[in-house]
Amino acid sequence: MSRRAVVIGAGLSGMLAAAVLSAAGADEVVVVDRDELPDGPEHRRGLPQGRHAHLLMAGGLTAMEELLEGAELRKRLLAAGAHEIPLNSGMVALTPEGWLRRWRRAGPSMLTCTRALLDWVVRQAVLERAPVQIRKAAVVGLTGSAGRVRGVRLAEPGGDTDLDADLVVDASGRGTRVVSWLDGIGVTGVREQAVDSGLVNASRLYRVPEGAEDFPLTIVQPNPYLARAGRSAMIMPVEGGRWLVSCGGTRGGEPPADPEGFLRYTLALPDPIVGRLISGAEPLGDVHLSRSTSNVRRYLEKLPAWPERFVVLGDALATFNPAYGHGMSVAAFGARVLSRELTRGGMTAPGLARRVVRGAARAAEPAWSMAVSQDLLYPEVRGGGRPSPADRLVSAYSRRMMRAATGSFTAASVIWDLMSLRTPPTRMFRPTAALAALAGPPLPPLTEPPLTEQEQALVRRLDRT
Ligand SMILES: Cc1cc2nc3c(=O)[nH]c(=O)nc-3n(C[C@H](O)[C@H](O)[C@H](O)COP(=O)(O)OP(=O)(O)OC[C@H]3O[C@@H](n4cnc5c(N)ncnc54)[C@H](O)[C@@H]3O)c2cc1C
């Protein structure tokens, strides 16, 4: 009997899920997206966040490479112009505890490119290896019952149609209507939690100035410990000889969309390095704003009963404040859970859907805790309640680790591993890590960004402020 899987959404979760379903033996995999997908690395409406900086952490890249084995994703991205940023040496970062040093010893890397390029490369890799169909339509509901989902309802120009499926995956992202779709088949009582720091992102592309091709990724991080709005800015190299500059401000510290205000915002941060660099760089377009940044968790895994044949992955299950750069990695972890469960019992195994939703929720937990525990420190945060004594303890310990990281390679490695989602958060409490945190930074704090003489000269040359 022929088996059909339907995936809602052709973003990262959706395309990775499609690859996994195809590899697991689905005869037909249909990915439904309301967008016409571009035939190249181009921005599209359905991914408004694509205008903003997207860091791909090592943990997420590893998961994607595992899911698309043989596709050589990293190599393809680099060939298409993505940058590989070694966290130990390729980044200049001002943290709330001071500047991180740049070390000669190795550490993990992250990839930077536009979101459009990443999605296009992943999509191509999936479509090359798996007979996946893409269908342009908006999903408006599920069909079936509270016990078993049987397909999706599509809004198409000629009217609504039903598309039957043996398994449905909701990968429709942050704006999913999953709660009302579930309600439509009689599944009620989903608990949702939103923790909203009111973060606004403002981003603009620039041409990389001559001589700045190898300038490190530069970031001034927000400070959640000052009982006032967090403000940050980052210069991230992307393909095509461009810098993607993203500012982020929590409620009361939002960056503006006008070009002069955007520059002023970067110059007013605790260090003006981002503003000094972009003041002499050529902008390539407007400033784009995003307000869609809340942490949102839908506790689907906690429902007393879950319909068979329906799985929810990626942002549709949990979204995080983008400042932590974890959403795409968590999307890949969710697809990896789906892959493991499919290998065990196939697409129609009883209880598969529930196991996947539970596993994907577990895989989202570290990123959720990291984001929420920090966001709760901002004064104007909405939702989530006050941090518990345990939250405060973990937050104080993380802060101590960050302070140590400004002058200790061991502590810096802990921070990189956590940031990369390569290791579980318990990494922070291993004996060597705890000792490094308790001992504090053996080297004195840096009073200036850790730049080479050549890089300093470049900053001076570009500075028009
Ligand atoms: C400003 C910002 C910056 C970010 N920066 C980072 C970062 O640095 N690093 C990182 O890892 N993550 C980052 N993220 C998070 C990242 O964008 C998401 O985690 C990631 O896109 C999740 O992938 P997804 O496939 O689940 O959803 P999406 O990528 O959002 O894809 C959803 C897809 O579903 C389609 N769709 C939606 N509704 C329907 C429907 N009803 N019918 C049919 N199709 C539908 C959409 O068109 C879209 O193609 C950032 C997010 C924001 C907002």
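Each chain carries its own residue numbering, running from 1 in the written order of its sequence. pLDDT decides what is reported in this predicted model: residues at 70 or higher carry local features, side-chain atom pairs at 80 or more are listed and counted, and totals for whole chains, interfaces and linings draw on all residues regardless. In computing side-chain values, all of the structure's heavy atoms are included and hydrogens and water are not.

Re the UniProt feature "domain: FAD-binding" (unreviewed entry) in the chain
And step 1. UniProt positions are given in the numbering used here, feature names are shortened, and annotations may be inferred rather than shown by experiment. Listed under "domain: FAD-binding" (unreviewed entry) in the UniProt record, and renumbered for this structure, are residues 5–342.
And step 2. Under the scheme used here, helices are H or I runs from DSSP no shorter than 4 residues and strands are E runs no shorter than 2 residues, and both carry numbers assigned from the N terminus. Secondary structure content for residues 5–342 is 25% helix and 30% strand, while the C-alpha to C-alpha distance between its ends is 12 Å.

Topic: the side chain of S290
And step 1. Within the secondary structure layout, S290 lies in strand β18 (residues 288–290).
And step 2. Setting aside residues up to four positions removed in sequence, S290 forms contacts with H52, L199, V200 and N201. Only heavy atoms enter the contact rule, under which two residues are in contact if any of them lie within 4.5 Å.

Topic: the sheet that holds strand β19 (residues 295–298)
And step 1. On the basis of which strands lie adjacent, the open sheet formed by three strands has the order β13-β19-β21 and antiparallel pairing. At either end of the open sheet lies a strand with only one pairing partner, and these are β13 (192–195) and β21 (318–319).
And step 2. Pairing of β13 with β19 involves four bridges; the strand directions are antiparallel. When the sheet's bridge partners are listed, Q193 is paired in β19 with R297.
And step 3. To define axes, lines are fitted to C-alpha atoms, for helices over the stretch in contact only, and angles between the resulting N-to-C directions are given on a 0 to 180 degree scale. Across the sheet, helix α9 (residues 352–375) lies against β13, β19 and β21, angled at about 145 degrees from β19, the strand it touches most. When DSSP finds two or more bridges between two strands, those strands count as paired.

Brief notes about the packing of helix α1 (residues 12–23) against helix α8 (residues 327–345)
The axes of two packed helices give the description: the angle between them and the distance between them.
And step 1. Interhelical geometry of α1 versus α8 gives an angle of 20 degrees and a closest axis separation of 9 Å. The angle between the axes of α1 and α8 places the two elements in the roughly parallel class. Seen from above, α1 lies across α8 with right-handed handedness. Contact with α1, carried on its side by L12, S13, L16, A17, V20 and L21, involves M328, A331, A332, A335, L338, S339 and L342 of α8 and no other residues of that element.
And step 2. Broken down by class, the residue content of the contact of α1 with α8 amounts to eleven nonpolar, two polar and no charged. To sort the angles, those under 35 degrees are grouped as roughly parallel, those over 145 as roughly antiparallel, those from 65 to 115 as roughly perpendicular, and the leftovers as oblique. Take the far helix as your reference; a near helix turned counterclockwise from it by less than a right angle gives a left-handed crossing, and one turned clockwise gives a right-handed crossing. Each residue is assigned to one class: nonpolar for Ala, Val, Leu, Ile, Met, Phe, Trp, Tyr, Cys and Pro, charged for Asp, Glu, Lys and Arg, and polar for all the others, Gly among them.

Points about the nonpolar core
And step 1. Here, nonpolar core means buried Ala, Val, Leu, Ile, Met, Phe, Trp, Tyr and Cys residues that are tied together by side-chain atoms lying within 4.5 Å of each other. Buried, partly exposed and exposed residues are distinguished by accessible area as a fraction of the type maximum, computed with a 1.4 Å probe on protein chains only: under 20%, between the cut-offs, and over 50%, respectively. If you look at the biggest cluster of nonpolar residues, it comprises 94 residues, and the most contacted ones within it are L21 and L182.
And step 2. No other element matches the eleven residues that α9 contributes to this core.
And step 3. Filtering out sequence-adjacent residues up to four positions away, L21 remains in contact with A5, V7, A26, V29, L167, V169, L338, L342 and M347.
And step 4. Of all hydrophobic cores here, the second largest spans 31 residues; its members include M236, Y397, M401 and M428.

Details of the packing of helix α2 (residues 58–67) against α8
And step 1. Running from N to C, α2 and α8 point in directions that differ by 35 degrees, and their axes come no closer than 8 Å. Remark: the crossing between α2 and α8 carries left-handed chirality. For the pair α2 and α8, the contacting residues are G59, G60, A63, M64, E66 and L67 in the first and M328, S329, A332, F333, A335, R336, S339 and R340 in the second.
And step 2. Residue composition of the contact of α2 with α8, grouped by class: seven nonpolar, four polar and three charged.

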